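Summary of structural features
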Amino acid sequence: RKELLGIPNGIDIKKFRDALLPREEARQKLGVRPEDIVFGTVANFFPPKNLPNYMAACSLVRKELPNARFLIIGEGRERAAIEQKRNEHDLQSHVLLPGAIENAGTLLKGFDVFVLPSSKEGMSFALLEAMAAGLPITATDVGAASYMLEDGACGWLSDFRDMNQLAANMIEAAMSLPENKKGRLAAEKAERDFPLE
């Protein structure tokens, strides 16, 4: 008799949460204003992260939420393509690309909403950190995202090709604050189902 055992990624919840910078300090380091609604992403600038296409969703959200800022922490070979799409959508002052930041996970409290717009993923560690931080999460339904977010009970899911739905989910996630029911459920799930042990 053979068994297949799935072992998910895990996170040291206490160590991770202890390292999180307070919201004001994180925002200061990220260069965003207190009144900004910050949609944050942590990703390498590679094709599976779908970041050039994500600019279309950012443009739609900006029309509804003029004080939205879209912060993408990371670096990689797609930077020029992302910048080109950012310019096409006239988002130069709204999409912030600070480059790679060491220990970016410590800055998550500076985000209002975490966004994972990928076209392909395994079990995203950035998504796991966002869950542990208790953020409202909007993600594309790729890889393990649906499993991690319990089919949308702990976040908002959309098809990676549908930037209209992603934008609608981003707005809904922002409007869920300060109650943040799904973010709290995501934090509980990370603690319950994905401990490092």
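Structure shown above.
These lines cover the structure that appears in this document, whether it is placed above or below.

Turning to the packing of helix α3 (residues 51-64) against helix α4 (residues 79-88), a few remarks are in order. Following both chains from N to C, one finds α3 and α4 inclined at 20 degrees, their axes separated by 8 Å at the closest point. With respect to their mutual orientation, α3 and α4 come out roughly parallel. At the point where α3 passes α4, the crossing takes the right-handed sense. When α3 is examined against α4, the residues Leu51, Pro52 and Met55 are found in contact with a partner set consisting of Ala81, Ile82, Lys85 and Arg86. Looking at the contact of α3 with α4 residue by residue, the classes come out as five nonpolar, no polar and two charged.

A separate point is the sheet that holds strand β6 (residues 156-158). What the six strands build is an open sheet, ordered β3-β2-β1-β4-β5-β6; its pairing is parallel. Looking at the sheet topology across the chains shown, the edges are occupied by β3 (95-99) and β6. The average angle at which neighbouring strand axes cross in this sheet is 20 degrees, direction not considered. Pairing of strand β5 (residues 137-140) with β6, which is carried by three bridges, proceeds in the parallel orientation. Note on β6: the bridge partner recorded for threonine 140 is serine 158. Here helix α7 (residues 163-175) sits on the sheet and contacts β1 (37-42), β2 (68-73), β4 (113-116), β5 and β6; the angle it forms with β6, its principal contact strand, is near 175 degrees.

What counts as what
Residues numbered from 1 in each chain as written. Predicted model: local features only at pLDDT ≥ 70, side-chain atom pairs only at ≥ 80, totals over all residues. Heavy atoms only, no water. Axes fitted to C-alpha atoms, helices over the stretch in contact; angles between N-to-C directions. Helix = DSSP H or I, 4+ residues; strand = E, 2+ residues; numbered from the N terminus. Parallel < 35°, antiparallel > 145°, perpendicular 65-115°, else oblique. Left-handed = near helix turned anticlockwise from the far one by under 90°. Contact = heavy atoms within 4.5 Å. Nonpolar A, V, L, I, M, F, W, Y, C, P; charged D, E, K, R; others polar. Pairing = 2+ DSSP bridges.

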